[in-house]
Amino acid sequence: MRVALGVGGGIAAYKAAELARALMERGASVQVILTAAAEEFIRPLTFAALTNRKVITDLFGNRSADEVLASSVEHIRVAQETDVLVVAPATADLLAKFAQGLAGDFLTTFYLAFKGRTVLAPAMNTNMWEHPATQANIDTLSKRGHTILTPDSGPLACGTVGPGRLPDPVLIAEAVALIAHPRKDLDGETVLITAGPTQEAMDPVRFISNRSSGKMGYALAVAAARRGARVLLVSGPVNLSAPYGVELIQVRSALQMRDAVMSHLPESTIIIKSAAVADYYVSQPPQQKIKKTAARMGLELDPTPDILAEAGRSKGDRLLIGFAAETQNLVAEGRRKMETKNCDMVVANLVSQEGIGFESDHNQVTLVMRTGETIALPKASKADVADQIFDHAMTLRLALHAEQ
Ligand code: CTP
């Protein structure tokens, strides 16, 4: 993915350095373009060091006629070599210039010469953002088909509190990655994914939970969104931010997760249950905190509903994918869970191994398919594993349809 990162002159310009890095981490080559105002806030050298490329600065500035002539051709060349233009921070001034089609410097000239997808991440003072002139420009630019990321709310550099903050650079990078992703083979699908642990209250201050980080489920959500699906992510409590372009439904307990899954099941075409649901819960937790005594304490636990099995009973021809966290007999247990819970595929992983599974960024799984095959995938990042799960799921669906 070839990205041009336009940086406007606002206090959030320093965050564009983090964005450059987040884009590089997603495999992008990044050509940074600084406006003259941006150069007042951050030096080109920072970006040159991060991207291993010469940074493009203002078209006219203090240059000789030859240099100006060379760079006025350069903007056409760079525009042809770019897949996505992202502008962060997009200042009120830049938005107005883009909306009007003014072309007084390199970035605005580039904008006019560029025919690909554009992502704008506005950041400015709340009053400037809410001003009808800015909102009219936003309207024009969004009607032009650009992706506009809504600014975050919070304390601003000018002292006010309100909308105007640049969104998290990771979220901006993810929006770019989603737009630039070449494969949209999940277009038209609604993918329902569960992720993370559940927490089962023992009393108002304590809970029972497990070590699931939610990383696998979130990687599945990102992969599905990039490949064009509508994604509903039912998530237990995790330390991960909401992925871009995904509808996040936050739950805490197994019962809440069950309700969320069953209410969204009818609209889903693919359901993936990667959550580590608690198997037991306290059905009537006390209203008050349990007090410490010298005596031994027992805890009465009831089984939670098996959400996957419940989904299996009403799945129809939806593709249902479960997970199996095992410490032994991987394939046999995966197959047993597939049969008893009526899944089409079970993603089985050994959770006892160091460096994969719970809390890790990597995973090594075996896919147990309804068609009888088992496919052992090599150890890979959770992002890669997620993509492979979708590759095999799409092939499996074709095979299952052919069998009917
Ligand atoms: N699962 C579920 N609801 C539960 C328990 C598990 O939906 N109450 C789902 C998980 O999301 C996963 C699959 O069932 O997709 C298997 O979970 P796992 O913990 O491996 O197995 P269990 O069915 O709990 O069986 P066991 O603990 O005996 O291995």
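Summarised in this report is the structure supplied together with it. These numbers come from a predicted model, not from an experiment.

### Side note on helix 6 (residues 106–113)
Residues spaced three or four apart along an α-helix face the same direction, because each turn holds 3.6 residues.
Consideration 1: With respect to burial, helix 6 is a largely interior element, six of its eight residues being buried.
Consideration 2: Looking at helix 6, one finds that the buried residues are Phe-106, Leu-107, Thr-108, Thr-109, Phe-110 and Tyr-111.

### Side note on unusual backbone geometry
Consideration 1: Cis geometry marks the peptide bond from Ala-88 to Pro-89, where omega comes out at -10°.
Consideration 2: By the secondary structure assignment, Pro-89 is in strand 3 (residues 84–90).
Consideration 3: A positive phi angle, close to 60°, is found at Asn-52, a residue other than glycine.
Consideration 4: Relative to the elements of secondary structure, Asn-52 occurs in the loop between helix 3 (44–51) and helix 4 (65–80).
Consideration 5: Among the residues examined, Asn-52 registers a relative accessible area of 66% and is labelled exposed.
Consideration 6: With phi around 50°, Asn-329 is a residue other than glycine that occupies positive phi space.

### Regarding the pairing of strand 2 (residues 29–34)
Consideration 1: Within strand 2, five of the six residues are buried, leaving the element largely enclosed by the surrounding structure.
Consideration 2: When strand 1 (residues 2–7) meets strand 2, the two strands line up parallel, connected through six bridges. Pairing of Leu-5 across the sheet is with Val-32, part of strand 2.
Consideration 3: With respect to chirality, the unit in which strand 1 leads through helix 1 (residues 15–25) into the neighbouring parallel strand 2 is right-handed.

### Things to note about the pairing of strand 4 (residues 117–122)
Consideration 1: Of all six residues in strand 4, five are buried, a share of seventy percent or more.
Consideration 2: As paired elements, strand 3 and strand 4 share five bridges and run parallel to each other. Residue Leu-85 lies in a different strand from strand 4, and its bridge partner there is Thr-118.
Consideration 3: Pairing of strand 4 with strand 5 (residues 147–148) involves two bridges; the strand directions are parallel. Along strand 5, the bridge assignment pairs Val-119 with Thr-147.

The rules we used
Within each chain, residue numbers correspond to sequence positions counted from 1 in written order. Confidence filtering applies because this is a predicted model: local features only for residues at pLDDT of at least 70, side-chain atom pairs given and counted only at 80 or more, and all residues used for totals across whole chains, interfaces and linings. Water and hydrogen atoms were dropped before computing side-chain values, which therefore reflect all heavy atoms in the structure. Throughout, exposure labels follow a simple rule: accessible area from a 1.4 Å probe, protein chains only, divided by the maximum for the residue type, with under 20% read as buried, over 50% as exposed, and the rest as partly exposed. Think of it this way: any DSSP run of H or I at least four residues long counts as a helix, any run of E at least two long counts as a strand, and we number them from the N terminus. The pairing criterion for strands is at least two bridges between them, as found by DSSP. Here the term right-handed applies to a crossover when the path leading from its first strand over the helix to its second strand runs clockwise, the strands being oriented away from the viewer.

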